[in-house]
Amino acid sequence: MLNRVSLRQMEYFVATATHGSIAAASAQIHISSPSISAAIAHLESELNVQLFVRHPSKGLGLTAIGTLVLKQCEDVLDQSSRLYEIASDSSDVMQGALRVGSFQSLTAMIAPEVIFGFSRAFESVDVEMVEGDQVVLMNKLRALEIDLAITYDLTLGEDIEFETLATLPPYVLVSELHPLAQEKAVTFEDLAGQPYVLLDLPMSREYFTSLFAKAGVTPNIVARSRSEEVVRSMVANGIGYAVFNVRPKSNQALDGKRMVRVRLAGTHRPMQLGLATYKPMKQSRLTRVFMERCRAYISDQYIPGMSAASFFDPHITAP
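Cut-offs applied
- Residues numbered from 1 in each chain as written.
- Predicted model: local features only at pLDDT ≥ 70, side-chain atom pairs only at ≥ 80, totals over all residues.
- Heavy atoms only, no water.
- UniProt positions renumbered as here; feature names shortened; annotations may be inferred.
- Helix = DSSP H or I, 4+ residues; strand = E, 2+ residues; numbered from the N terminus.
- Rg over C-alpha atoms; globule rule 2.2 N^0.38 Å.
- Buried < 20%, exposed > 50% of the residue type's maximum accessible area, 1.4 Å probe, protein only.
- Contact = heavy atoms within 4.5 Å.
- Areas by Shrake-Rupley, 256 points an atom, 1.4 Å probe, with all protein chains shown as cover.
- Core = buried A, V, L, I, M, F, W, Y, C linked by side-chain atoms within 4.5 Å.
- Expected span 1.5 Å × (residues − 1).
- Pairing = 2+ DSSP bridges.
- Axes fitted to C-alpha atoms, helices over the stretch in contact; angles between N-to-C directions.
- Salt bridge = Lys/Arg side-chain N within 4 Å of Asp/Glu carboxyl O.
- Arc of directions from axis to C-beta.
- Polar contact = N/O pair within 3.5 Å; in protein donor to acceptor, adjacent residues only side chain to side chain.

- The protein has the name LysR substrate-binding domain-containing protein in an unreviewed UniProt entry, where Variovorax ginsengisoli is given as its organism.
- Turning to the protein, the UniProt record has this under Sequence similarities (unreviewed entry): "Belongs to the LysR transcriptional regulatory family."

**Concerning the overall build of the protein**
Piece 1. Scanning the protein for helices and strands turns up ten helices and 13 strands.
Piece 2. Since a compact globule built from 319 residues should have a radius of gyration of about 20 Å, the 21 Å found for the protein is in line with a globular shape.
Piece 3. Based on the C-alpha atoms only, the size of the protein along its principal axes is roughly 55 × 55 × 35 Å.
Piece 4. Within the protein, the proportion of its 319 residues that are buried is 49%.
Piece 5. By sequence separation, contacts in the protein at least 24 residues apart represent 74% of the contacts at least 6 residues apart.
Piece 6. Carbon and sulfur atoms make up 52% of the accessible area of the protein, which totals about 15,400 Å².

**Quick look at the nonpolar core**
Piece 1. With 80 residues, the main nonpolar core has F118, I150, Y152, L168, F290 and I298 as its most contacted residues.
Piece 2. A per-element tally of this core places helix α10 (residues 285-297) first, with seven residues.
Piece 3. One finds M10, A39, F52 and V69 within the second-largest nonpolar core, a separate group that totals 21 residues.

**Section: α10**
Piece 1. Given a rise of 1.5 Å per residue, 13 residues ought to cover 18 Å, and the 19 Å separating the end C-alpha atoms of α10 matches this to within 8%.
Piece 2. Residues L286, T287, V289, F290, M291, R293, C294, A296 and Y297 constitute the buried set of α10.

**Things to note about the sheet that holds strand β5 (residues 148-152)**
Piece 1. Strand order in the open sheet formed by five strands is β4-β3-β5-β13-β6, with mixed pairing between adjacent strands. The open sheet has two free edges, formed respectively by β4 (125-132) and β6 (160-168), since each of these has just one partner strand. On average, adjacent strands in this sheet sit at an angle of 20° to one another, irrespective of strand direction.
Piece 2. Pairing between strand β3 (residues 96-103) and β4: eight bridges, direction parallel. In the strand pairing of β4, L98 is matched with V127.
Piece 3. With respect to the sheet, helix α5 (residues 107-121) is in contact with β3, β4 and β5, its orientation differing from that of β4 by roughly 165°.

**Here's the deal with the pattern of salt bridges**
Piece 1. Taken as a whole, this structure holds 15 salt bridges when the rule is applied.
Piece 2. Of the charged contacts, one joins D133 and R226 as a salt bridge, the two residues approaching to 2.8 Å between their closest N and O atoms. Of this pair, D133 sits in the loop between β4 and α6 (134-142) while R226 sits in the loop between β10 (220-225) and α9 (228-236), and the two are 93 residues apart along the sequence.
Piece 3. With a closest N to O distance of 3.0 Å, K140 and E145 form a salt bridge.
Piece 4. Connected through shared salt-bridge partners, D200, R205, E206 and R224 make up one network.

**Brief notes about the sheet that holds strand β8 (residues 185-186)**
Piece 1. Ordered in space as β8-β12-β7-β11, the four strands form an open sheet in which the pairing is mixed. Looking at which strands have only one partner, the edges of the open sheet turn out to be β8 and β11 (242-244).
Piece 2. Summarising the sheet, strand β7 (residues 171-175) and β11 pair through three bridges and their orientation is antiparallel. The partner of Y171 across the bridge, within β11, is F244.

**Some remarks on α6**
Because an α-helix completes one turn every 3.6 residues, residues spaced three or four positions apart along the sequence face the same direction.
Piece 1. Looking only at α6, the buried set comprises Q134, L137, M138 and L141. Down the axis, α6 shows its buried residues gathered within 95° of arc, on one side only.
Piece 2. Where α6 begins, one side-chain oxygen reaches toward the backbone nitrogen of V135, 3.0 Å away; that side chain belongs to D133.
Piece 3. Where α6 terminates, the next one or two residues include L144, which has phi positive at roughly 60°.

Written out as structure tokens, the structure is:
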């Protein structure tokens, strides 16, 4: 069950039950109403129960089973909080330095809530974040320059332990004026000949080009960059389309121009987002506690700063 219901979903459910409506919960915890609704729908689906009934004049009310589930969720969240309190009481665990590697295209979304949220929770811990591409992160793991990395399952090697936390399928990003922007889904055959902007990071580029190769299509690469934001800006300005796995909630480039996320039809190898550690290095209890935080905050149901895998741009309508 813990693999199918996340702590974050429980928090959204408890907030809604406490405040009596999704809108009120959204305002209190600063999470969008659709995200809260999706979390509650997921809980109801997994448990096969109805948690709320809607009263026209009073908002949402808990069902009888909803009241019981609420109590259990509150207990689980309380126990989760106590995990950090127990760890905090141990001076040999919660003091010292923690060196966290972060894949550079993930950092803007993951770091504030997961990495620096941990340092705010434990003020005596000195958290150092190291950004880099996959080659940089793997080299630093092997050189014992970082304790772990939040990254992808790209060419890891037998000496690297990898734990998958979430799956990120590929999708196509185009400008809102692109001919494919109105499509519900596209294939690699649809992209053949279209100008392509490549996210040109070591191992990432091999992953993206392998998707085209498997489909028997040669991409028409017209521009490339190591920066996700530069690629997004080129896409927004009509230079070409891009293929991504990360799913920023914003559909605007840094210059304000809009982009559209389009589903990639068919079955394609996703990126696995997770935790990489160096097998010969024994993990400290501090590192293990941080890894528990990552497991609680990153899942297929919720990734900080990202939209759901099933979300595509609702402002685009068919002609």
